[in-house]
Amino acid sequence: MRLNASEASKFWELRRRHATIDDGATTPSQPVLEYRRKSHVVLLLMLLLLLSITFAATFNARYSIVVIGTLLLVAAASFTIVGPVLELLWCVWSTSNIDDSPLQKQVYLTRWDQKLRRYFWNGDRKRYFSKTALGFTIVVLLLTYIIISLGKSQGYIPPEIPIHVLNDPNPDQSLLTVFLIDGLRADIFEDELTAGNLPAIQALATNGCRVRSVMSSFPSITGYAYWPLLTGMDATRSGHLGTRTFDRRLTAGNWRNHYGPGSVHFEPTFEPNVPTLFEVTAAHRKGWTLSGNSMLKRGANVTYVAGLEQYFSKLMHAWWLAKLLRMIPVIGWRVAPNFYEFETRFVRRMLKLVDQGQPRVVWTVFPSTDNVAHALGVNEEYHLVLRAIDTAIGHYVDAVQSSNAHSYKSFTFAVISDHGEANVDIPAGGNLDLCEAFLSKGVRAWRGDAKAWSAKFDEPIETFGADKDLLIGIQGDASGSVYVKSSHGWLNRTYEDELQSYKVTGRDDVDLLQTALEYQGVELVAWSRENGVVIVQTKTSNTRGDIDISAAGVIHLESDGRISYTVEERSYAGTSSSRCPLGYEPNLADGKPRSAREWLKSTQQTPFPYAIVRLIQCLTVPGLAPDMVVTAQDGFDFGKDWEYFIRNFAGGHGGISSAHLRTPAIFSGKGVVATGDVVEFATAEDVGASLHTLLLGPLDSDDALPSLQFMEYRKDDDDIIAAAYRANANTTGGESYAQDLLRGTPISCITGHG
Ligand SMILES: [Zn+2]
């Protein structure tokens with residue numbers, strides 16, 4: 001084909017404009033236009049993604065996530081399959097306005113030929129698909145997956161309420177609602193209440209009753225400390241002893257760290273023969289149950305967990321990703337809320353679930369008080385978060401009582417907590433590694449990782465324990481459960497004698513008790529002389545660094561379940577002390593047996609209320625009892641450079657002193673007989689027993705009490721509290737002494753019994 005001059009110039013003009021065109025021989029293909037179009041597609045997809053996320057966050061989340069997924073998949077598909085077809089159409093369109101001439105034919109045919117070769121049978125096609133489209137599709141699919149899982153874990157997707165629970169032909173027409181405010185310290189709560197800053201809770205207390213001091217479980221830690229509140233039973237007989245423990249009953253997977261992937265083993269390993277509030281509801285055919293944000297929820301018909309959303313609110317002050325997510329316009333506050341937004345939103349979602357159909361029990365946890373204490377300390381923000389939770393509770397109570405969506409005839413509300421809180425002085429170096437105390441003496445101490453990164457829990461004790469002498473299960477992070485490899489190996493307990501002169505290869509014997517007690521920041525150390533005889537010592541120190549080590553308190557469990565106490569003089573650095581380690585009145589150290597109830601009453605005004613009972617319970621658990629418990633002074637913890645993201649806690653719990661153990665409780669509405677009452681003290685088990693009584697209604701209080709039948713299933717004959725219960729089951733009084741170490745009693749303002 002020959003071109004005249006004007007045709008030739010037109011041809012070259014066209015070549016300039018359509019740089020992709022070549023005749024297949026002279027110059028290599030340069031797909032400028034394709035790149036441009038590809039980048040258009042990318043931009044379009046990004047826009048689509050942003051729009052979808054905004055849509056998901058703003059409107060109905062569940063359907064939006066399906067929509068996002070579908071849109072992204074369609075986009076990916078069109079890029080790989082529809083794209084080439086569009087390219088061909090583009091080619092036809094762009095050449096259709098060229099004059100009918102030999103040149104037009106030339107251009108037309110060249111372009112068609114090239115496109116067809118490129119997409120359908122040329123080697124270029126392969127490259128196009130594998131490198132760009134396939135890679136992009138993978139990225140898009142990954143993004144879709146991330147968005148969907150983010151949506152799921154954030155609690156955007158509310159749980160389904162099973163039809164069979166909604167269709168219960170005979171639902172109970174009353175509603176028991178339990179608000180658990182995580183880490184609510186009794187004294188701060190009382191200050192806020194007195195100052196009038198908690199109007200909603202005050203209204204509940206005015207129309208009901210309030211318990212000033214509820215003794216939390218020890219170790220005072222989330223999840224584990226829910227057990228007595230949900231069952232009415234002492235937490236030490238729950239199958240757990242805190243959240244990081246060493247289980248001597250096993251030969252593999254003894255180290256039980258229930259954070260991270262290891263959390264899957266937490267709920268299933270609680271005592272199966274003790275029913276939770278949810279299971280009791282089901283057993284008595286009282287209707288269905290709903291649990292919100294609870295670490296322990298066994299038997300609940302519907303559970304709702306906020307997941308990542310809560311995590312982001314906790315880490316807002318410590319983690320760049322949470323901060324970054326929050327900066328995203330429009331949706332940032334939804335993906336990464338602050339404490340206030342998080343709690344308010346969660347309560348609103350719980351209300352929607354309740355409105356769907358008359359649950360009998362609603363158990364909802366407000367985690368932000370504990371989260372703010374860990375992240376920032378017990379400071380002004382802690383107070384503000386507490387007030388925001390009060391507002392949320394008020395909103396919930398009003399909404400549920402005035403809603404027309406259900407036919408409740410009566411309501412009972414309870415506000416409870418799982419443990420207190422204490423500050424850690426980060427700038428003053430308050431975060432400590434308790435291992436250092438032992439390592440300096442040549443004892444191979446180990447506290448493990450803050451999270452169990454494998455859920456397998458299968459490492460044989462031979463390999464796990466081969467390079468360690470001492471394990472520290474950090475709890476909350478203000479206390480440590482210390483397990484020592486005895487001269488008989490890991491599976492035997494180590495008592496006082498051996499702890500005082502611990503053999504270390506190539507070195508002098510180490511007094512592990514003294515080592516722990518002398519270590520800075522340690523407040524209390526307790527251990528066993530033999531099973532059922534617990535020794536406790538405490539340390540006080542002033543700002544000059546002078547330390548004062550107390551005498552030794554000897555706590556003795558009697559065979560009838562009562563507990564006696566004496567103080568043994570101890571000398572330290574040339575001076576001897578007869579100071580009671582727990583700050584109790586001298587007359588209490590008379591060695592006379594007292595019941596758990598008497599100890600509860602007589603130790604209320606001390607720095608370690610009820611500690612005598614909590615220590616005996618903790619240090620007599622078969623298989624799980626630590627050889628030493630060590631707790632931190634105010635201002636200290638044992639989690640130095642250890643926790644993920646936050647690294648060092650500004651506050652925490654886990655200990656046994658007043659700040660850690662005391663929490664408040666409020667009961668209001670149907671079933672509460674004494675209104676306006678203030679009860680001075682109770683135990684967490686009593687709170688659980690009270691909830692069971694409120695649930696089961698106007699039954700005789702004995703029937704409503706949680707059953708101790710589970711003791712019959714327990715095979716551990718070396719449980720001396722269980723033995724005391726069994727041995728005294730037929731004697732007057734004796735049975736109840738041991739019972740009080742295992743189970744709570746409904747609080748007087750609920751039963752009306754004084
Ligand atoms: Zn907690």
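Thresholds, definitions, all that
- Residues numbered from 1 in each chain as written.
- Predicted model: local features only at pLDDT ≥ 70, side-chain atom pairs only at ≥ 80, totals over all residues.
- Helix = DSSP H or I, 4+ residues; strand = E, 2+ residues; numbered from the N terminus.
- Buried ≥ 20, exposed ≤ 12 C-beta atoms within 10 Å, placed from the backbone.
- Contact = placed C-beta atoms within 7 Å.
- Pairing = 2+ DSSP bridges.
- Axes fitted to C-alpha atoms, helices over the stretch in contact; angles between N-to-C directions.
- Core = buried A, V, L, I, M, F, W, Y, C linked by C-beta atoms within 7 Å.
- Parallel < 35°, antiparallel > 145°, perpendicular 65-115°, else oblique.
- Nonpolar A, V, L, I, M, F, W, Y, C, P; charged D, E, K, R; others polar.
- pLDDT = per-residue confidence, 0-100.
- Left-handed = near helix turned anticlockwise from the far one by under 90°.

Draft legend 1. Geometry of the overall build of the protein. Counting secondary structure elements, the protein contains 28 helices and 23 strands. Looking at the 754 residues of the protein, the share that counts as buried comes to 46%. Across the protein, contacts joining residues at least 24 apart in sequence account for 74% of those joining residues at least 6 apart.

Draft legend 2. Representation of the environment of Pro593 within the structure. The topology assignment puts Pro593 in the loop between strand 19 (575-577) and helix 21 (596-602). Overall, the presence of 16 C-beta atoms within 10 Å leaves Pro593 in the partly exposed class. Setting aside its immediate chain neighbours within four residues, Pro593 contacts Glu558, Arg562, Ile563 and Ser564.

Draft legend 3. Representation of the pairing of strand 14 (residues 533-541) in the model. In this sheet, strand 14 lies alongside strand 13 (residues 522-530) in antiparallel orientation, the contact comprising 6 bridges. The residue bridging Ala526 from the neighbouring strand is Val536, located in strand 14. Between the antiparallel neighbours strand 13 and strand 14 lie 2 residues, among them Gly532 with a positive phi of about 100°. Sheet analysis places strand 14 next to strand 16 (residues 552-557), joined by 4 bridges and oriented antiparallel.

Draft legend 4. Highlighting the pairing of strand 2 (residues 208-215). In terms of residue burial, strand 2 counts as a mostly covered element, since 7 of its 8 residues are buried. Pairing between strand 2 and strand 23 (residues 677-683): 6 bridges, direction parallel. Paired with Ser213 across the strands is Phe681, a residue of strand 23.

Draft legend 5. Seen up close, the sheet that holds strand 8 (residues 410-416). Overall, mixed pairing links the 8 strands, which are arranged 6-5-7-1-8-22-2-23 in an open sheet. In this open sheet, the two strands that pair with only one neighbour each are strand 6 (302-304) and strand 23. Each strand axis lies, on average, 15° off the axis of its neighbour in the sheet, ignoring direction. Relative to strand 22 (residues 662-669), strand 2 runs antiparallel, the two sharing 6 bridges. Bridged to Arg210 within strand 22 is Ile666.

Draft legend 6. Spatial organisation of unusual backbone geometry. The residue after Phe218, namely Pro219, is reached through a cis peptide bond having omega -5°. Along the chain, Pro219 falls in the loop between strand 2 and helix 9 (226-231). In the segment running from Gly476 into Asp477, the intervening peptide bond is cis, with an omega of -10°. By the secondary structure assignment, Asp477 is in the loop between strand 11 (470-475) and strand 12 (479-484). A positive phi angle, near 45°, is found at Gln358, a position not held by glycine. Assignment of secondary structure puts Gln358 in the loop between helix 14 (339-356) and strand 7 (361-366). For Arg647, which is not glycine, the phi torsion reads 65° and is therefore positive. Secondary-structure assignment places Arg647 in the loop between strand 20 (628-632) and strand 21 (651-652).

Draft legend 7. Molecular detail of the environment of Arg647. A count of 14 C-beta atoms within 10 Å places Arg647 in the partly exposed class. Between the alpha carbons of Arg647 and Ala375 there is a distance of 9.4 Å; along the sequence they are 272 residues apart.

Draft legend 8. Representation of the nonpolar core. By size, the foremost hydrophobic cluster in this structure holds 167 residues, and its most contacted members are Val415, Ala526 and Met628. Counting residues per element, this core draws most heavily on helix 16 (residues 380-402), which supplies 10 residues. Leave out the neighbours within four places in its chain, and Met628 touches Val482, Leu499, Leu512, Leu513, Ala516, Val525, Ala526 and Trp527. Judged by nonpolar contacts, the second largest core, of 7 residues, contains Phe312, Leu315, Ala322 and Ala336.

Draft legend 9. Structural view of the packing of helix 8 (residues 199-206) against helix 16. Running from N to C, helix 8 and helix 16 point in directions that differ by 55°, and their axes come no closer than 7 Å. Classified by the interaxial angle, the pair formed by helix 8 and helix 16 is oblique. Contact with helix 8, carried on its side by Pro199, Ala200 and Ile201, involves Asp390, Thr391, Ile393, Gly394 and Val397 of helix 16 and no other residues of that element. For the contact of helix 8 with helix 16, the class distribution of residues is 5 nonpolar, 2 polar and 1 charged.

Draft legend 10. Local environment of the confidence of the model for the protein. In this model, the protein carries an average pLDDT of 84, and 77% of its residues clear a pLDDT of 70 or more. Mean pLDDT across the elements of the protein ranges from a minimum in helix 5 (residues 123-153), with 57, to a maximum in helix 22 (residues 611-618), with 98. Scored below 50 in pLDDT, residues 120-130 makes 9 contacts in the model with residues more than four places away or belonging to other chains.

Draft legend 11. Highlighting the packing of helix 14 against helix 15 (residues 368-376). Two elements in contact, helix 14 and helix 15, have axes whose closest approach is 10 Å; the angle formed by their N-to-C orientations is 165°. Judged by the inter-axis angle, helix 14 sits roughly antiparallel to helix 15. Judged by the sense of rotation from one axis to the other, the crossing of helix 14 with helix 15 is right-handed. Two secondary-structure elements touch here, helix 14 through Phe339, Phe342 and Glu343 and helix 15 through Ser368, Asn371 and Val372. The class makeup of the residues in the contact of helix 14 with helix 15 is 3 nonpolar, 2 polar and 1 charged.

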